[in-house]
Amino acid sequence: MARRPSVSSVQIAREAGVAQSTVSRVLNGGSVAPQTRRRVLEVLAKHDFQPNLAARSLVAARTGLVGVVIRDLTNPFYPIMVRAVERVLHEQGLRLLLLSDVATAQESLAMLRRERVDGVVFTSALREDPLAWPVSEHGIPVVLCHRTIEGFPGDQVEADNTTAGRLVADHLLDLGHRRIAMVCGTERASTAEQRGAGFRARLAERAPQVDLVEVQGDYDYATSYAVVRKLLAAPQPPSALFCHNDVMAHAALNAAAAGGVDVPGQLSVVGCDDAPASAWERIELTTVRQPLSRIAEVAARLLLERLQDPESPLSHEVLPVELVLRATTAPWSADTAG
């Protein structure tokens, strides 16, 4: 049984100055220029790199089973994506194996290898994801859906999160808000990083004098509820909130209601996702709409294409977003400001 390599093929490729697909061709005896092959082999020898042969054999022995990893079953955002992935796979005669964060990364990896999945779609991978990297290193094709990880050896698809942040900034500034708080998602997620960067950059461009406060909501309802209650109880509370997802925005709305703060009279709230509940009459959340089903469909298509052509260049697709105006934002007024 081949031992697990101490370094990944991505690291080998980076050190050799070649693409990861080139390393794969060298390992599989494919066509590579002599000088390039020699350089790759030298790096492989340096690290005593031995690929996992059992995982590589799966390329020639498909099972028709695809793993889908979801981390937060309580967020309505993710079931929508899973259903879209399943629909595309079903049309191609493939089956879906769903994994959540109930199991540890080691347990999930063992299950994926035991079931001999053809590939895996990750719907919420983090930068230092404990599962995505090991799965890829074991030779299983991976597609990152709704997330991006720099240097990851797999196809990736996401929404234009930077533009999402800029759209929200423009909207709140146009309404006259100058005391703004941003309720941020987990720092390890590309979505939070990108949305925050777009929001900050646009504020700096248009209104550098804006009083911006940032708090961590970690994409969690309870955490966001608690931090928003504290924000609204401050001597100078914000007049507007940008929440990095709709779950946190829903928490903010309930926190405002519990504190007797009128939305949108005293506080404007904007989310990001456009989860189905955000359009309900009792919520009517202003938010940034991501094409949730489309993101998932593209992820499934990218995986199918990867299975057909394992050596093709990696893809990274970014899909457009749009601001949806509803009832939780209004112009700032000195008469109602806290």
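Residues numbered from 1 in each chain as written. Predicted model: local features only at pLDDT ≥ 70, side-chain atom pairs only at ≥ 80, totals over all residues. Heavy atoms only, no water.

Looking now at the nonpolar core. Counting 46 residues, the largest nonpolar core has Cys145, Val157 and Phe199 as its most contacted members. In terms of residue count, the dominant contributor to this core is helix H12 (residues 292-308) (ten residues). Counting residues in hydrophobic clusters, the runner-up holds 23 residues, among them Ala192, Tyr219, Val228 and Val269. (Core = buried A, V, L, I, M, F, W, Y, C linked by side-chain atoms within 4.5 Å. Buried < 20%, exposed > 50% of the residue type's maximum accessible area, 1.4 Å probe, protein only. Helix = DSSP H or I, 4+ residues; strand = E, 2+ residues; numbered from the N terminus.)

Relative to the assigned elements, Thr186 resides in the loop between strand E6 (179-184) and helix H9 (190-206). Classification of Thr186 as buried rests on a relative accessible area of 16%. For Thr186, the residues in contact, after removing those within four places along its chain, are Leu126, Ala192, Gln216, Asp218 and Tyr219. (Contact = heavy atoms within 4.5 Å.)

A word on the domain arrangement of the protein. Note: interface size is frequently given as the accessible area lost on complex formation between the parts. Once the domains are mapped, the protein shows domain 1 (65-159 + 294-319) and domain 2 (161-290). Put simply, the middle of domain 1 and the middle of domain 2, counted by C-alpha atoms, are 29 Å apart. Between domain 1 and domain 2, the contact holds 13 residues from the first and 17 residues from the second. Where domain 1 abuts domain 2, roughly 1,200 Å² becomes buried across the two surfaces, and 53% of that area is made up of carbon and sulfur atoms. If you sort the residues of domain 1 by the area they bury against domain 2, Leu126, Arg127 and Ala159 come out on top, with a joint share of 39%. Inspection of the region where domain 1 meets domain 2 yields one salt bridge. Taking the shortest distance from any N to any O, the salt bridge between Arg127 and Glu193 comes out at 2.7 Å. Counting every contact that joins domain 1 to domain 2 gives seven residue pairs in polar contact (both at pLDDT 80 or more). At the level of elements, helix H5 (77-91) and strand E5 (155-159) are the ones that each hand at least two residues to the side of domain 1 that touches domain 2. (Domains from an automatic or database assignment. Buried area = accessible area lost by both parts, 1.4 Å probe. Salt bridge = Lys/Arg side-chain N within 4 Å of Asp/Glu carboxyl O. Polar contact = N/O pair within 3.5 Å; in protein donor to acceptor, adjacent residues only side chain to side chain.)

Moving on to the packing of aromatic side chains. Going through the model one piece at a time under the given rule, you end up with four aromatic pairs. Look at Phe77 and Tyr78: their rings are 5.0 Å apart centre to centre, the planes differ by 70°, and that puts the pair in the edge-to-face class. Pairing Trp133 with Phe152 gives two aromatic rings, centres 4.9 Å apart and planes at 70°, and the pair type is edge-to-face. Linking Trp133 in helix H7 (residues 132-137) with Phe152 in the loop between strand E4 (142-145) and E5, this pair joins segments that are 19 residues apart in sequence. Here Trp133 matches Phe152 in class, with each residue buried. (Phe/Tyr/Trp six-rings, centres within 6.5 Å; stacked < 30°, edge-to-face > 60°.)

Moving on to the environment of Ser9. Counting through the fold element by element, Ser9 comes out in helix H1 (residues 9-16). For the pair Ser9 and Val263, spaced 254 residues apart in the sequence, the C-alpha separation amounts to 52 Å. In contact with Ser9, not counting residues within four places along its chain, are Gln20, Val23 and Phe49.

Below, the discussion takes up the sheet that holds strand E9 (residues 268-273). Spatial ordering of the open sheet is given by E7-E6-E8-E9-E10-E12, a layout of six strands whose pairing is mixed. Two strands in the sheet have a free side with no partner beyond their single neighbour: strand E7 (211-216) and strand E12 (322-324). For this sheet the average axis-to-axis angle between neighbouring strands, irrespective of direction, equals 20°. In terms of strand pairing, strand E10 (residues 286-289) meets E12 through three bridges, oriented antiparallel. The partner of Val288 across the bridge, within E12, is Leu323. Relative to E9, helix H11 (residues 246-258) is tilted by about 155°, and along the sheet it contacts E6, strand E8 (240-243), E9 and E10. (Pairing = 2+ DSSP bridges. Axes fitted to C-alpha atoms, helices over the stretch in contact; angles between N-to-C directions.)

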